[in-house]
Amino acid sequence: MLAELGWIAFVPPVMLDPSLRTIALSVKGFMPEQEGDALFEAATNACSLLPHLPMVEVGSYCGRSTVWLGAVAKAHDVVLYAVDHHGGSEENQAGWEWHDPELVNAAGRIDTLPFFRETIRRAALVDHVRECVGDSHEIGRTWSQPLSFCFVDGGHGRNVARGDYLAWAGHVAVGGTLAIHDVFEHPEDGGQAPYEEIYLPAVRSGRFVDVSHCGSLRIVRRML
Ligand code: SAH
Ligand code: MG
């Protein structure tokens, strides 16, 4: 139709570049492909709505989700700050369900930082992804830049999740987007902390409204 009218429609791609997709899918982590694509689309929209503002990811692990978000940062020439202490969440520790012995360092501790760095290097995202190594609550408390997009995928304990909400939601600019991973409304589907300590407080605050969801990924936008 547009072609018949003599227009050339240019729609920017809302899909991850195939070579980056191959890298993302090869990285250890917990971001399903479809949800990574939904994250990419939400971040792309956020960067279009609020250009020039940085993005934050809370919980990078080995950098799997960071590839989707870093690609958006690169396309919009903004910085993605990737926040993680790289010591793993409770459920990543030895004896827990999501423990991976390959991530244990010579000192016997989980250390995902070398894996994260290698992912970002392979994906050629070093100029647009800044590692912020430390406790997400501490980093968030002293943060000063408003964000177009904040993706929270950190620890799933109640106190950790609540602390991430308190530390980061206020840094999302009005019109900006908060994305929350592992949100399960029903206890039979998964842990309740991201739902009860991040998603519900966000919408109940009256400042955030639902935009979309994909699997356990919830996208809300700051209106006030
Ligand atoms: N987004 C990743 C998965 C993140 S797993 C992916 O796509 O695969 C959760 C991460 O949160 C872990 O790497 C863990 O080290 C980090 N984390 C948990 N609690 C944290 C805290 N309080 N401060 C900083 N990082 C934390
Ligand atoms: Mg997750």
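Preceding this section is the structure that the text describes.
Residues numbered from 1 in each chain as written. Chains lettered and ligands numbered in written order. Predicted model: local features only at pLDDT ≥ 70, side-chain atom pairs only at ≥ 80, totals over all residues. Heavy atoms only, no water.

Here's the deal with the nonpolar core
To keep it simple, the criterion reads: By convention a nonpolar core is built from buried Ala, Val, Leu, Ile, Met, Phe, Trp, Tyr and Cys residues, the set being connected through side-chain atoms within 4.5 Å. Classification of residues uses two cut-offs on accessible area relative to the type maximum, computed with a 1.4 Å probe and protein chains only: under 20% is buried, over 50% is exposed, and between them is partly exposed. Under the DSSP-based scheme used, a helix requires at least four consecutive residues in state H or I and a strand at least two consecutive residues in state E, with every element numbered from the N terminus. In this analysis, two residues are considered to be in contact whenever any of their non-hydrogen atoms come within 4.5 Å of each other.
L16, L39, M55, F149 and F151 are the most contacted members of the largest nonpolar core, which totals 39 residues. Top element by residues in this core is helix α2 (residues 33-49). It accounts for 7 residues. When residues no more than four places from it in sequence are discounted, the contact partners of L16 are R21, A24, F40, V67, W68 and A71.

What about the site of ligand 1?
Spelled out, the test is: By convention in this text, a residue qualifies as near a molecule or strand provided that one of its non-hydrogen atoms is within 4 Å of it. What qualifies as a polar contact is a pair of N or O atoms within 3.5 Å, subject to a donor-acceptor requirement within protein and to the restriction that residues adjacent in sequence count only when both atoms come from side chains. Lys, Arg, Asp and Glu make up the charged group, whereas Ala, Val, Leu, Ile, Met, Phe, Trp, Tyr, Cys and Pro make up the nonpolar group; the residues left over, Gly among them, are polar.
Around ligand 1, the surrounding shell holds 21 residues, and the nearest of these are F30, S65, D84, S136 and D153. G59 has a polar backbone atom sitting 2.9 Å from a nitrogen atom of ligand 1. Side-chain polar atom of D84 to an oxygen atom of ligand 1: 2.7 Å apart, as the coordinates give it. Here the shell around ligand 1 is composed, by residue class, of 4 nonpolar, 13 polar and 4 charged.

A few points about the coordination of the magnesium ion (ligand 2)
Threshold: Excluding water, the donors of a metal are its N, O and S neighbours within 2.8 Å, or within 3.2 Å for Na, K and Ca, and that exclusion means sites may look incomplete.
Summarising the metal site, the magnesium ion (ligand 2) is bound by the protein donors D153 (OD), H181 (ND1) and D182 (OD), whose distances to it range over 2.1 to 2.3 Å. Donor residues binding the magnesium ion (ligand 2) come from one chain and are separated in sequence as D-x27-H-D. In this pair, D153 is assigned in the loop between β4 (147-152) and α6 (158-168) and H181 in the loop between β5 (172-180) and α7 (193-204), connecting sequence segments 28 residues apart. Residue classification places D153 among the buried positions, given a relative accessible area of 16%. Accessibility expressed as a relative area gives 2% for H181, which makes it buried.

Topic: the pairing of strand β2 (residues 80-84)
Here is the rule we go by: The definition of a right-handed crossover adopted here requires that, viewed with the strands pointing away, the path from the first strand over the helix to the second runs clockwise. Here, any two strands with at least 2 DSSP bridges between them count as paired.
When you tally the buried positions in β2, you get 5 out of 5 residues, the bulk of the element. Neither face of β2 is exposed, since L80, A82 and D84 on one face and Y81 and V83 on the opposite face are all buried. Viewed along the sheet, the connection from strand β1 (residues 55-58) through helix α3 (residues 64-76) into β2 turns out right-handed. In terms of strand pairing, β2 meets strand β3 (residues 129-133) through 5 bridges, oriented parallel. The residue of β3 that forms the bridge with A82 is E131. Once the chain exits β2 it traverses helix α4 (residues 113-122) before rejoining the sheet at β3, and the crossover so formed is right-handed.

Some thoughts on the environment of V203
The residue V203 is located in helix α7 in this model. On a C-alpha basis, the gap between V203 and F184 in space is 15 Å, while along the polypeptide they are 19 residues apart. Those residues in contact with V203 that lie beyond four places of it in its chain are F208 and V220.

Brief notes about the packing of α2 against α3
Inclusion rule: Axis angles are defined between N-to-C directions and span 0 to 180 degrees, where every axis is a line fitted to C-alpha atoms and, for a helix, only to the segment in contact. Should an angle lie under 35 degrees it is considered roughly parallel, over 145 roughly antiparallel, and from 65 to 115 roughly perpendicular; all remaining angles are considered oblique. The crossing is said to be left-handed when, going from far helix to near helix, the turn is anticlockwise and less than a right angle, and right-handed when the turn is clockwise.
Between α2 and α3, the least distance of the axes is 9 Å, while the angle of their chain directions is 25°. As far as their axial angle goes, α3 and α2 are roughly parallel. At the point where α2 passes α3, the crossing takes the right-handed sense. Side by side, α2 and α3 meet where E33, G36, D37, L39, F40, A43, T44, C47 and S48 of the first sit next to S65, W68, L69, A71, V72 and H76 of the second. In the contact of α2 with α3, the residues fall into 8 nonpolar, 5 polar and 2 charged.

Details of the side chain of E91
Here is the rule we go by: Working convention for charge: Lys and Arg count positive, Asp and Glu count negative, and His plus the chain ends are omitted. What counts as a salt bridge is simple: a side-chain nitrogen of Lys or Arg found within 4 Å of a carboxyl oxygen of Asp or Glu.
Position of E91 relative to the elements: it lies in the loop between β2 and α4. Look at E91: it is buried, it has no salt bridge, and the nearest opposite charge is R158 at 13 Å. The residues touching E91, leaving out its near neighbours within four places in the chain, are W96, E97, W98, H99 and H156.

Structural notes on the pattern of salt bridges
For the coordinates displayed, the defined rule picks out 10 salt bridges. In this structure, D37 and R21 form a salt bridge, with 3.0 Å as the shortest nitrogen-oxygen distance. In this pair, D37 sits in helix α2 while R21 sits in helix α1 (residues 18-26), placing the two residues 16 residues apart along the sequence. R21 shares its class with D37; the two are buried. With a closest N to O distance of 3.4 Å, R218 and E185 form a salt bridge. Note that R218 is positioned in strand β7 (residues 217-222) and E185 in the loop between β5 and α7, a separation of 33 residues in sequence. Judged by its relative accessible area of 13%, R218 is buried. The partly exposed category is assigned to E185, whose relative accessible area is 39%.

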